[in-house]
Amino acid sequence: MESIKSQSYEVHLEELAEAALKQHIAKSNYSKVFVLVDENTKKYCLPSFKNKLGHPIDNIFEIISGEEHKNINTCSQVWQLLSDHDGDRKSLLINLGGGVLTDLGGFVASTFKRGIDFINIPTTLLSMVDASIGGKTGVDLGALKNQIGVINQPQMVLIFPEYLKTLEDRQIKSGFAEMLKHGLIQDADYWKALKDSDDYANAQCIKKSIAIKNDVVTQDPTEQGLRKILNFGHTLGHAIESYCLEHEERPTLLHGEAIAIGMILEGYLSHELKGLSKLSLEEIKRTFLKYFAPVDFSQEDINAILELLKYDKKNSHGNVNFVLLQAIGKAIADVKVPENLFHKAFAYYKE
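What comes next is a walk through the structure.

## Considering the sheet that holds strand β4 (residues 59-63)
Hydrogen bonds along the backbone pair up the strands of a sheet, which may run parallel or antiparallel. In spatial order, the strands read β1-β2-β9-β6-β5-β3-β4; together these seven strands make up an open sheet with mixed pairing. A single partner strand is all that each edge strand has here, and the edge strands are β1 (4-5) and β4.

Okay, here's the thing in structure tokens:
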């Protein structure tokens, strides 16, 4: 399966990934090779990864999994470990984990000694189809997602779909939400093929999603225009995710679960403001509710979620900017939404 060329690096899949890794390590003459894992990837992925690497690992650093640990405190621990184990500017950090770990590990590597090389090996479907492309690294500030970070590219990204076998179904579905988003914003045929599929966690679909995201990011690496369309569902979705993270009495939503709700809500806004047909809106709602059980929000919840919108990274000059759909497969960025429509969108979701 052919590799995908991103800005300054390549995404390699399956057996090509193993070959590319060995070749890169052989030619790079790194002073130290460090691997960052969490308790899950240490148990389920590290043993097979050591075989694929075929090179001594100097140290393995373990962090605790979960969005609530994606913060500067965890970065400080990893920076300290790198320093304690004689990491220098010729060291390599290999990030073996989901999106939280690759976001954090990429940020740690980008800032340690003003930047060391890193390689991302995403182990969840979400991180394979989303976090693997685009070079966004970073951590949360309190419950506010991805407020601190830099855009910096890895040396390469390696995709081993076999790691998906270690995941529970809920985690797989979380990644599926991002794949459906890729269809909604860029490729109506891909949306159509995916929406009734029960076999989407395969190398072909993963590669297609990566290719769609990569195409967008390559045209607009620093998110000046086109790249913003990747945020469809994320403006309200991130606010919902942050709210649930902050309120322990609420069940925590995975990223894909929150943006699935966000895509229904922003689908409604698209229908009201940008001409998305009623038929397409109903199709979007039906599809997401088929895979993701509806979540109940009280009026108080909704008010608090809307309050969080003002912290969204896509805002400028005090305006909340949305990505909306003109049709399935056609997105438009920087749409200002009148506040009175937010409550109507939630009402539509709850219908």
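## Considerations on the pairing of strand β8 (residues 144-151)
Pairing of strand β7 (residues 136-141) with β8, which is carried by five bridges, proceeds in the antiparallel orientation. Paired with Val139 across the bridge in β8 is Ile148. From the end of β7 to the start of β8, which pair antiparallel, there are two residues, and Gly142 there has a positive phi angle of about 65°.

## Brief notes about empty space enclosed by the protein
Enumeration according to the criterion identifies two cavities of 30 Å³ or more in this entry. What lines the second largest cavity is a set of 13 residues, and nearest its centre among them are Phe118, Asn120, Ala131, Gly135 and Lys136. Mapped onto the lining of the second largest cavity, the elements with two or more residues apiece are α5 (99-111), β6 (117-122) and β7.

## Here we look at helix α13 (residues 299-308)
Within the sequence span of α13, burial applies to Asp301, Ile302, Ile305, Leu306 and Leu308. Looking straight down α13, one finds that the buried residues subtend no more than 150° of arc, so they occupy a single side. Tucked into the core, α13 has its buried residues touching β8, α10 (234-246) and α14 (340-350).

## Here's the deal with the pattern of salt bridges
Pairs may arise between side chains of opposite charge once their charged atoms sit close together. Under the definition given, this model contains 17 salt bridges. Linking Asp334 and Lys228 is a salt bridge whose minimum nitrogen-to-oxygen distance equals 3.0 Å. Residue Asp334 is found in strand β11 (residues 330-336), and its partner Lys228 is found in the loop between α9 (203-219) and α10; the two are separated by 106 residues along the sequence. Here Asp334 falls in the partly exposed class, since its relative accessible area comes to 38%. What emerges from the salt-bridge pattern is a single network uniting Glu67, Lys145 and Glu241.

## A look at unusual backbone geometry
If you check the backbone angles, Glu223 has positive phi at about 60° while not being a glycine. Along the chain, Glu223 falls in the loop between α9 and α10. Even without a glycine there, the phi angle at Asp334 is positive, about 60°.

## Remarks on the nonpolar core
In this structure, Met179, Leu184, Ile240, Leu269, Phe288, Phe297 and Phe346 are the most contacted members of the largest nonpolar core, which totals 74 residues. Excluding anything up to four places from it in sequence, Phe346 contacts Leu236, Ile240, Leu265, Phe297, Ile302, Ile305 and Leu306. If you look at the next biggest cluster of nonpolar residues, it comprises 21 residues, including Ala20, Ile25, Val37 and Ile121.

Reading guide: rules and limits
Residues numbered from 1 in each chain as written. Predicted model: local features only at pLDDT ≥ 70, side-chain atom pairs only at ≥ 80, totals over all residues. Heavy atoms only, no water. Pairing = 2+ DSSP bridges. Helix = DSSP H or I, 4+ residues; strand = E, 2+ residues; numbered from the N terminus. 1 Å grid on protein atoms, 1.4 Å probe; cavity = no way out; pocket = protein on both sides within 12 Å on 5 of 7 lines; lining within 4 Å. Points joined across faces, edges and corners; volume = space filled by probe spheres on them. Buried < 20%, exposed > 50% of the residue type's maximum accessible area, 1.4 Å probe, protein only. Arc of directions from axis to C-beta. Contact = heavy atoms within 4.5 Å. Salt bridge = Lys/Arg side-chain N within 4 Å of Asp/Glu carboxyl O. Core = buried A, V, L, I, M, F, W, Y, C linked by side-chain atoms within 4.5 Å.

Any functional reading would require information beyond the geometric quantities listed.
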